[in-house]
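Survey of secondary and tertiary structure
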Amino acid sequence: MDFLHVILDRDGVLNAEAPSGWVTRPEDWAWERGALEGLARIGSRGRRVSVATNQSCVGRGLVEIAALDAVHARMGAEARAAGGRIDAVLVCPHAPDAGCECRKPAPGLVIRAIRLAGIPAARTLFVGDSERDVEAGRRAGVATALVRTGKGAASAALPSLAGVPRFDDLVHLAAFLEGGAAPAAGAELLAPGVS
Ligand SMILES: [Zn+2]
């Protein structure tokens with residue numbers, strides 16, 4: 001199974017969660033362990049890379065969408081400088097009580113990323129650090145994986161996620177995609193319904 005499209009959660013996967021809880025300024029951005037190298041390797045050989053992130057800080061009135069765009073401009077520029085690529089950034093800006101279809105665990109962001117990429121769900125992998133990431137991926141019909149950065153170490157212990165392949169960080173995920181390492185959980189990285 002070669003994944004042609006990898007969708008990544010942002011907070012706890014690409015960047016460390018900010019002490020305040022929200023990254024509202026570019027200068028508050030701090031790369032998560034292994035993220036820059038992992039991104040570069042995941043995006044090699046033409047593989048598409050998207051980011052799908054809940055940012056209810058917008059809907060809560062804590063940050064303007066323009067400031068969030070500035071944060072993502074820094075993210076994209078530093079990823080490119082390190083040899084990586086981020087083809088699309090999909091944001092749910094809504095507050096939790098807005099009832100939108102994009103806030104994970106709803107599958108809207110993942111479905112949008114798939115449509116934008118034009119790559120089938122069966123060749124798409126969604127990577128996150130939380131239960132709601134995995135649920136969003138499952139509901140969108142894609143294979144899912146956990147990284148143990150961010151909330152990932154705690155999430156990996158949840159019984160509901162027992163069968164989900166997990167990796168120490170994005171570098172280890174990249175090594176798996178390159179065919180060099182087995183997922184720690186020993187689970188098949190297959191999309192639901194695909195054989
Ligand atoms: Zn939303």
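Everything discussed here concerns the structure shown above.
Everything in this summary refers to the structure shown in the same document. (Residues numbered from 1 in each chain as written. Predicted model: local features only at pLDDT ≥ 70, side-chain atom pairs only at ≥ 80, totals over all residues. Heavy atoms only, no water.)

Re the overall build of the protein
Counting its secondary structure elements, the protein contains seven helices and six strands. Reading the protein from its N end, one meets helices and strands in the order β-α-β-α-α-β-α-β-α-β-α-β-α. For 195 residues, the compact-globule formula gives about 16 Å, and the C-alpha radius of gyration of the protein, at 15 Å, lands near that figure. Each principal axis of the C-alpha distribution contributes one length, and for the protein these read about 45 × 35 × 35 Å. Within the protein, residue pairs in contact and separated by at least 24 positions form 65% of the contacts whose partners lie at least 6 positions apart. Approximately 8300 Å² of the protein is accessible, and the part contributed by carbon and sulfur atoms is 52%. (Helix = DSSP H or I, 4+ residues; strand = E, 2+ residues; numbered from the N terminus. Rg over C-alpha atoms; globule rule 2.2 N^0.38 Å. Contact = heavy atoms within 4.5 Å. Areas by Shrake-Rupley, 256 points an atom, 1.4 Å probe, with all protein chains shown as cover.)

What about the coordination of the zinc ion?
Those protein atoms acting as donors to the zinc ion are Cys92 (SG), His94 (ND1), Cys100 (SG) and Cys102 (SG), and they sit at 2.0 to 2.2 Å. Its four donor atoms give the zinc ion angles of 101 to 115° at the centre, a pattern that matches the tetrahedral case. When the donor residues of the zinc ion are listed from N- to C-terminus, their spacing reads C-x1-H-x5-C-x1-C. On the basis of relative accessibility, which here comes to 31%, the residue histidine 94 falls in the partly exposed class. Judged by its relative accessible area of 22%, cysteine 100 is partly exposed. (Donors = N, O, S within 2.8 Å, 3.2 Å for Na, K, Ca; no water. Tetrahedral: all angles 85-135°; square planar, octahedral: opposite > 155°, others 65-115°. Buried < 20%, exposed > 50% of the residue type's maximum accessible area, 1.4 Å probe, protein only.)

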